[in-house]
Amino acid sequence: MKIDTPEFNAAIDDIEHRHAETGPDIAFLTLSTCMGNDSNCGWTGWLLEAAFDSKLKSGLYPIGCKPVPAVNNQICPSCKDTLFRTGLTRQLTLAADQPDA
């Protein structure tokens, strides 16, 4: 299927419609850096550690919510080498009265 065709746009609209009421409202970001050997590029930035939907309750996770699928591989976006995750992690929560983007 080619991008930006009526068929493609209809498929995207269908996906958006099916998932409009679901999705993550809690995310954990970890400061990561590309270092450790001579070939690393030194990139530093925030990477997604995990994403959760607070409407999906679960006693298996410390925050009481189920995780949702998210890309959270620890690979440098610049040189594709393995990243070192620092100990600095931030939890971000979407406020109940804050509209989605």
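Below is a short write-up of the structure. Everything numeric in this text was worked out from a predicted model, so none of it was measured. (Residues numbered from 1 in each chain as written. Predicted model: local features only at pLDDT ≥ 70, side-chain atom pairs only at ≥ 80, totals over all residues. Heavy atoms only, no water.)

1. Regarding unusual backbone geometry
Here comes step 1: Positive phi is not limited to glycine here, since Asp4 has a value of about 65°.
Here comes step 2: Along the chain, Asp4 falls in the segment before helix H1 (6-19).
Here comes step 3: We classify Asp4 as exposed; its relative accessible area is 61%. (Helix = DSSP H or I, 4+ residues; strand = E, 2+ residues; numbered from the N terminus. Buried < 20%, exposed > 50% of the residue type's maximum accessible area, 1.4 Å probe, protein only.)

2. Here we look at the sheet that holds strand E3 (residues 65-67)
Here comes step 1: Taken in spatial order, the 4 strands line up as E3-E2-E1-E4 in an open sheet, and their pairing is antiparallel. The sheet terminates laterally at E3 and strand E4 (84-93), the two strands that pair on one side only. Looking at each pair of strands side by side, their axes are set apart by 30° on average, direction ignored.
Here comes step 2: Examined bridge by bridge, strand E1 (residues 26-33) and E4 share 7 bridges and lie antiparallel to one another. Looking across to E4, one finds that Thr33 is bridged to Phe84. (Pairing = 2+ DSSP bridges. Axes fitted to C-alpha atoms, helices over the stretch in contact; angles between N-to-C directions.)

3. Looking at the pairing of strand E2 (residues 44-57)
Here comes step 1: Judged from the 8 bridges that link them, E1 and E2 form a sheet pairing that is antiparallel. When the bridges of E2 are listed, Ala27 appears paired with Ala51.
Here comes step 2: Both E2 and E3 contribute to a ladder of 3 bridges, which runs antiparallel. When the sheet's bridge partners are listed, Lys57 is paired in E3 with Cys65.

4. Observations concerning the nonpolar core
Here comes step 1: Counting 5 residues, the largest nonpolar core is built from Ile26, Phe28, Ala50, Phe52 and Cys65.
Here comes step 2: Every element with two or more residues in this core is listed here: E1 and E2.
Here comes step 3: Residue contacts for Cys65: discarding those within four places in its chain leaves Ile26, Phe52, Asp53, Ser54, Leu56, Lys57 and Ser58. (Core = buried A, V, L, I, M, F, W, Y, C linked by side-chain atoms within 4.5 Å. Contact = heavy atoms within 4.5 Å.)

5. Focus on the environment of Lys66
Here comes step 1: Relative to the helices and strands, Lys66 is located in strand E3.
Here comes step 2: Remark: the alpha-carbon pair of Lys66 and Leu56, spanning 10 residues in sequence, is separated by 5.4 Å.
Here comes step 3: Sequence-distant contacts of Lys66, that is, excluding residues within four places in its chain, are made with Ala51, Phe52, Asp53, Leu56, Lys57, Ser58 and Tyr61.

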